[in-house]
Amino acid sequence: MTTDADALLATMAAALAPSTAALHATGKSFREEIGRGLAGRGGSLKMLPTFVRQPRGDERGQVMFLDWGGTYGRAGIAVLSGDGRVEVEREEVFEFSDEDKTASPEHVFDTIAACLERATGRDRITPRPLGFAYSFPARLERIDRAIALPLTKGWRLQRLEGRDVVELLAQALARRGVRNVAVSAVANDTVAALALLTYRARGHDRLAPPAEVGLIVGTGTNQAADLGARGIRNLESGNFAAVTALQAPCDVALDREVGEPPPGVQRFEKMVAGHYLGEIVRRLVTDLASRSTLFRSWTAGALRSPSGFDTANLSRIEADGSPDLSDTERLLRGMGVESSVEEREALRTLARLVVTRSGRLVAAALLGTLSHMDPRLESPHLVAVDGSLYGGYPGYDRLVRRGLEELAGSERADRIRLEFVKESTALGAAVIAAVARDGA
Ligand code: BGC
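Residues numbered from 1 in each chain as written. Predicted model: local features only at pLDDT ≥ 70, side-chain atom pairs only at ≥ 80, totals over all residues. Heavy atoms only, no water.

Trainee: How do you make sense of the environment of Gly321 when you look at a structure like this?
Mentor: Within the fold, Gly321 resides in the loop between helix H9 (312–319) and helix H10 (326–334). Here the alpha-carbon distance between Gly321 and Thr152, two residues 169 residues apart in the chain, equals 34 Å. (Helix = DSSP H or I, 4+ residues; strand = E, 2+ residues; numbered from the N terminus.)

In structure tokens, the structure reads:
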């Protein structure tokens, strides 16, 4: 490796590794923003009411679910056994194209309604309660009324803001003649994760303490928290904005240039979540290519175009245990890029820096929430976690755990239990629908 590349890499590494003190300060301002949001004094955390109650654990029966919060979604029927078990009985999937992401809400909801219709089968009679996991920001006015706020994760539908997504879905179902499916609850994916874990815990033991936080680290990132008398709130923590001190030059440029969401919006998410991490790495590679001999020949392939490098690639690189990173070589070749071992190692270094930082930031924000609930972290806390980055990147859970230990010390960190809840969005939506049905 040429010395100039070495020096540039070292500079990038330093910019991507915030100090422990800076992360402490981040956790502290996160906690302050929670207070500000709850008091209605503005700030970057919306602290949205969810109208969701914690499950008792004995809810049972058949309910429908719908999971939409990005490119892929699914709808189906789930069965709750009343003992903490909930299983998918049947399901259908749908997928959106890049064009769909800027289309009209009617177009998008027609696709979703068609999928729901397939999932219902021929039955047009049996009334079906539906739990709708809508994993974008929304201001709930009731458990079944969610007014859309600006979308995230690269979506921008025309004239969606200010409209009730439950109503949009009901209209799309009516257009297809489906009248026996009605939304009984709409909830964010973070709330679904939280509710599912509580359902499971209390299904085994009625007196089990509930999950207090739902955390998603996937295409986007967000937290929900059970704040006792104030109810379960959707923080929309991806929008946390007190990150200036942590930003590297590549973050400032990405925030400015990514287009959707606009600059200044979802700033935490832009440094943490799957929708952006591949793009950060691609930008670092392009930067090195223009200033050193490293990666010079790479700019011909897919790495040249914005968003040309998916975050899933970072997981594949991390999983590549071969001495000369031969799987990474195959991956790059598939993108039209010839690479040297030295370049692949440098790529892996960059990927690790970006993902490690993501895990540490997630830990700092989580401690912000937990220390709002329990300032000295004296009690045990249960956190439900899901998301493609958390579940898909090898060792991501350890990165968060290490971040918690770094910031809270191992004794306090040991009291925080993070439980990965697979498929939590769909199953949790079903649980929430059953809770709402029983309470109605
Ligand atoms: C959305 C949240 C969602 C998170 C994880 C964010 O972009 O704003 O509502 O919970 O992604 O899916």
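Trainee: I tried to follow unusual backbone geometry on my own but got confused; where do I start?
Mentor: Peptide bonds are trans in most cases, and residues, glycine excluded, mostly fall at negative phi. Look at the link from Glu260 to Pro261: it is a cis peptide, with omega at 0 degrees. Structurally, Pro261 can be placed in the loop between helix H6 (249–257) and helix H7 (269–272). Within the chain, Phe51 stands out as a residue other than glycine whose phi angle is a positive 60 degrees. The residue Phe51 is located in the loop between strand E1 (48–49) and strand E2 (60–68) in this model. Phi at Leu325 is positive, roughly 50 degrees, even though this residue is not glycine. Within the secondary structure, Leu325 is located in the loop between H9 and H10.

Trainee: What is the right way to read the sheet that holds strand E8 (residues 181–187) from this model?
Mentor: The strands that make up a sheet pair up through hydrogen bonds in the backbone, lying either parallel or antiparallel. Pairing in this open sheet of 5 strands is mixed, and the strands run E4-E3-E2-E5-E8 from one edge to the other. Only two strands of the sheet have a single neighbouring strand rather than two, namely strand E4 (86–95) and E8. Strand-to-strand twist of the sheet, defined as the mean angle between neighbouring strand axes without regard to direction, takes the value 25 degrees. As paired strands, E2 and strand E3 (residues 72–81) are joined by 9 bridges and run antiparallel to one another. For Arg60, the partnering residue across the bridge sits in E3 and is Ser81. (Pairing = 2+ DSSP bridges. Axes fitted to C-alpha atoms, helices over the stretch in contact; angles between N-to-C directions.)

Trainee: Could you clarify how one ought to interpret the environment of Arg145 in this entry?
Mentor: In this structure, Arg145 sits in strand E7 (residues 145–148). We classify Arg145 as partly exposed; its relative accessible area is 29%. Put simply, Arg145 and Ala172 are 27 residues apart on the chain and 16 Å apart in space, counted from C-alpha to C-alpha. Setting aside chain neighbours within four positions, we find Arg145 in contact with Arg139, Leu140, Asp164, Val166 and Val186. In this structure the side chain of Arg145 is engaged in a polar contact, spanning 2.6 Å, whose partner is the side chain of Glu141. There is a polar contact of 3.4 Å between the side chain of Arg145 and the side chain of Asp164. (Buried < 20%, exposed > 50% of the residue type's maximum accessible area, 1.4 Å probe, protein only. Contact = heavy atoms within 4.5 Å. Polar contact = N/O pair within 3.5 Å; in protein donor to acceptor, adjacent residues only side chain to side chain.)

Trainee: What is the right way to look at a negative patch on the surface in this model?
Mentor: Among the surface-exposed residues, Asp4, Asp6, Glu342 and Glu345 lie close enough to one another that they form a single negatively charged patch. When residues of the negative patch are traced back to their parent elements, those giving at least two are helix H1 (3–15) and helix H11 (341–373). Note that Asp6 resides in helix H1. By relative accessible area, which is 38% here, Asp6 ends up partly exposed. (Patch = residues over 30% accessible without salt bridge, like charges linked within 9 Å, V, L, I, M, F, W, Y side chains within 5 Å. Areas by Shrake-Rupley, 256 points an atom, 1.4 Å probe, with all protein chains shown as cover. Salt bridge = Lys/Arg side-chain N within 4 Å of Asp/Glu carboxyl O. Lys, Arg positive; Asp, Glu negative; His and termini not counted. Charge placed at Lys NZ, Arg CZ, Asp CG, Glu CD.)

Trainee: I would appreciate a short explanation of the site of the ligand in the present structure.
Mentor: Around the ligand there are 14 residues in total, and Thr152, Lys153, Asn188, Asp189 and Glu236 lie nearest to it. Taking Glu236, its side chain carries an N or O atom lying 2.6 Å from an oxygen atom of the ligand. Relative to its unbound accessible area of 310 Å², the ligand is 98% covered by the protein chains. Looking at the shell around the ligand, its residues break down into 3 nonpolar, 7 polar and 4 charged. (Near = heavy atom within 4 Å. Nonpolar A, V, L, I, M, F, W, Y, C, P; charged D, E, K, R; others polar.)

That's the geometry; what it means functionally is another story.
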